[in-house]
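Now for the letters of each chain:
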Amino acid sequence: MSYKEKLIEVQEAINLAAAEVKRNTQDISLVAVSKTQPIEKIEKLISLGHRVFGENRVQEAKTKWKPLKSKYDGLELHLIGALQTNKVKEAVALFDVIETVDRPKLAAALSKEMSEQKVEIPCYIQVNTGEEKQKAGVYPEETADFVNYCRNDLNLNIIGLMCIPPANETPALHFALLANIAKETNLENLSMGMSSDYDVAIKLGATHIRLGTALFGSRDT
Ligand SMILES: *Cc1c(COP(=O)(O)O)cnc(C)c1O
């Protein structure tokens, strides 16, 4: 299948899921996850008009997206992977949205760096909905306090919540939980749903779905 056909297929699935719950397709943004994908493949999507992408590693993203950003207008690059504090400076210089704010130390470093670079990058709080020890994110019951801290004490522009459900559990429970926390904390955006479950995520209110394999095929790592 060509990239064009894949994009159309995904867009049709988005439309279908949105229609089922009477949501407007315009309220759902497709983040094309281009981690591990070479520039040539990314450019195929860009040339079809796609502009919103996600990467999970700062170094890899910098190598690929510095040249792409100087070549194409209107790109919106999301950081969707763990961010170490020693990479904050580069991340703030490169990304348009940071989806993985998950601890006070990182939030403070982002706040400081954004003041220094005089930019305000919209951020999401990553929530560890499955309370998995090895996974990043704040626990559900800590989220409201953390959102308040980021907003009031650090002046960060927090616009939503993001989650990655546990691999072996029904994602719907986690999406519903994230949607609930967003409601309680007055946050508009929900980044949830990947290639295998984005229809479910849309039905539960996702505003941003993050798709890699559905668009690029399997990743050769
Ligand atoms: C890789 C990745 C995705 C995309 O996963 P697919 O299953 O390929 O769609 C989405 N979100 C995050 C955080 C990822 O790391």
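We now examine the packing of aromatic side chains. Per the counting criterion, the structure on display carries three aromatic pairs. Judged by centre distance (4.9 Å) and plane angle (45°), the ring pair of F53 and W65 falls under tilted. On the criterion of sequence distance, the pair formed by F53 in strand β2 (residues 52-55) and W65 in helix α3 (residues 58-71) is long-range, its members being 12 residues apart. For the pair formed by F53 and W65, the shared burial category is buried.

A positive phi angle, close to 65°, is found at T36, a residue other than glycine. Mapping T36 onto the fold places it in the loop between β1 (29-33) and α2 (39-47). Looking at T36, the relative accessible area reads 32%, which means it is partly exposed. Positive phi, close to 60°, is recorded for N186, a residue that is not glycine.

A word on the site of the ligand. Residues in close proximity to the ligand include V33, K35, I80, M162, I164, M194, S195, R210, L211, G212, T213 and R219, which together make up its full environment. Taking T213, its main chain carries an N or O atom lying 2.8 Å from an oxygen atom of the ligand. For the ligand, whose accessible area on its own is 390 Å², the fraction buried by protein is 88%. In terms of residue class, the shell around the ligand is built from six nonpolar, three polar and three charged.

This part takes up the nonpolar core. Counting residues in hydrophobic clusters, the biggest one holds 60 residues, and the most contacted among them are F53, W65, L110 and L161. A per-element tally of this core places helix α1 (residues 3-20) first, with six residues.

A few words now on the environment of P122. You can see P122 is positioned in the loop between α5 (104-117) and β5 (123-126). In this structure, the C-alpha to C-alpha distance between P122 and K62, residues 60 residues apart in sequence, is 19 Å. Leaving out residues up to four positions away in the same chain, P122 has contacts with D96, V97, I98, N157 and I159.

The rules we used
Residues numbered from 1 in each chain as written. Predicted model: local features only at pLDDT ≥ 70, side-chain atom pairs only at ≥ 80, totals over all residues. Heavy atoms only, no water. Phe/Tyr/Trp six-rings, centres within 6.5 Å; stacked < 30°, edge-to-face > 60°. Helix = DSSP H or I, 4+ residues; strand = E, 2+ residues; numbered from the N terminus. Buried < 20%, exposed > 50% of the residue type's maximum accessible area, 1.4 Å probe, protein only. Near = heavy atom within 4 Å. Polar contact = N/O pair within 3.5 Å; in protein donor to acceptor, adjacent residues only side chain to side chain. Areas by Shrake-Rupley, 256 points an atom, 1.4 Å probe, with all protein chains shown as cover. Nonpolar A, V, L, I, M, F, W, Y, C, P; charged D, E, K, R; others polar. Core = buried A, V, L, I, M, F, W, Y, C linked by side-chain atoms within 4.5 Å. Contact = heavy atoms within 4.5 Å.

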